[in-house]
Amino acid sequence: MELTTVIKSFEELSNHELYAIIRLRNEVFVLEQDCVFQDADNKDQFADHVMIMADDFLVAYSRVLPAGASFAEASIGRVVSDMKARGTGAGRRLMKDSLAYILEKYGSCTVRIGAQTYLNEFYKSLGFENAGETYLEDGIEHIEMITQV
């Protein structure tokens, strides 16, 4: 599976790309994780959208937010991988490309995420460190983590 990275602002997204993003987020967060939450949180408009594509299929996605949008620091959120792409390296590529994009756009800075705790070791392998206690968000355990780019 050959992966390509596409990064666009909200205004640059095509209708088809936005639909694919919403669909993937709903498939994983709402259906797979059985979590009812307000996905449309008025932050997508301020985000840069990192899409990992295999051919024309969206296999992984994140949104990069500037400092002050979710946390005091720049952040990566809505990190999601299609079920069929798990174990292929798409998620690792997504996070590495998201961090590289933050460095390119904002320069060296701290990046904060709100990670689902079951992915703690994955994020640690990318340089993140725990930055607080676990908390429940939408019924799922999370922990804030930080790294420096």
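Residues numbered from 1 in each chain as written. Predicted model: local features only at pLDDT ≥ 70, side-chain atom pairs only at ≥ 80, totals over all residues. Heavy atoms only, no water.

In the annotation of an unreviewed UniProt entry, the entry for the chain reads GNAT family N-acetyltransferase, and the organism field reads Algoriphagus aquimarinus.

Caption draft 1: Quick peek at the overall build of the chain. Per the secondary structure count, the chain includes three helices and eight strands. Secondary structure elements in the chain, listed N-terminal to C-terminal, are β-α-β-β-β-α-β-α-β-β-β. Radius of gyration (C-alpha) of the chain: 14 Å, near the 15 Å computed for a compact globule of 149 residues. Expressed as lengths along the three principal axes of its C-alpha atoms, the size of the chain is roughly 40 × 35 × 30 Å. In the chain, which comprises 149 residues, the proportion classed as buried is 42%. At a minimum sequence separation of 6, the contacts of the chain that also span at least 24 residues come to 62%. Carbon and sulfur atoms make up 51% of the accessible area of the chain, which amounts to about 8,100 Å² in all. Separation of charge centres in the chain, based on 14 positive and 24 negative side chains, amounts to 2 Å. (Helix = DSSP H or I, 4+ residues; strand = E, 2+ residues; numbered from the N terminus. Rg over C-alpha atoms; globule rule 2.2 N^0.38 Å. Buried < 20%, exposed > 50% of the residue type's maximum accessible area, 1.4 Å probe, protein only. Contact = heavy atoms within 4.5 Å. Areas by Shrake-Rupley, 256 points an atom, 1.4 Å probe, with all protein chains shown as cover. Lys, Arg positive; Asp, Glu negative; His and termini not counted. Charge placed at Lys NZ, Arg CZ, Asp CG, Glu CD.)

Caption draft 2: Just the side chain of threonine 147, in detail. Considering the arrangement of structural elements, one finds threonine 147 in strand β8 (residues 140–148). Polar side-chain contacts of threonine 147 include one of 3.0 Å to the backbone oxygen of glycine 127. Beyond its immediate stretch of four places on either side in the chain, threonine 147 contacts Leu99, Cys109, Thr110, Val111, Gly127 and Phe128. (Polar contact = N/O pair within 3.5 Å; in protein donor to acceptor, adjacent residues only side chain to side chain.)

Caption draft 3: Quick look at the packing of aromatic side chains. Throughout the structure, instances matching the rule amount to two aromatic pairs. Between tyrosine 123 and phenylalanine 128, the aromatic rings sit 5.9 Å apart at their centres with planes inclined by 80°, giving edge-to-face as the arrangement. Of the two residues examined, tyrosine 123 and phenylalanine 128, each falls in the buried class. (Phe/Tyr/Trp six-rings, centres within 6.5 Å; stacked < 30°, edge-to-face > 60°.)

Caption draft 4: The arrangement of helix α2 (residues 90–106) in detail. Compared with an ideal rise of 1.5 Å per residue, which puts 17 residues at 24 Å, α2 spans 24 Å between its outermost C-alpha atoms and is within 8% of the ideal. Listing the buried residues of α2 in full gives Ala90, Gly91, Leu94, Met95, Ser98, Leu99, Tyr101 and Ile102. All buried residues of α2 fall inside an arc of 170° around its axis, so they share one side. Count one or two residues on from α2 and you reach glycine 107, which has phi positive near 80°. (Expected span 1.5 Å × (residues − 1). Arc of directions from axis to C-beta.)

Caption draft 5: Structural detail: the pattern of salt bridges. Under the criterion given, the structure shown has twelve salt bridges. Between glutamate 73 and arginine 112 there is a salt bridge, with its nearest N and O atoms 2.8 Å apart. Here glutamate 73 is found in the loop between β3 (57–65) and β4 (74–81), whereas its partner arginine 112 is found in strand β5 (residues 110–116), with 39 residues between them in sequence. Put simply, arginine 112 and glutamate 144 hold a salt bridge, and the shortest N to O gap is 2.8 Å. You can see arginine 112 sitting in strand β5 and its partner glutamate 144 sitting in strand β8, a full 32 residues away along the chain. Using a relative accessible area of 23% as the deciding quantity, one classes glutamate 144 as partly exposed. (Salt bridge = Lys/Arg side-chain N within 4 Å of Asp/Glu carboxyl O.)

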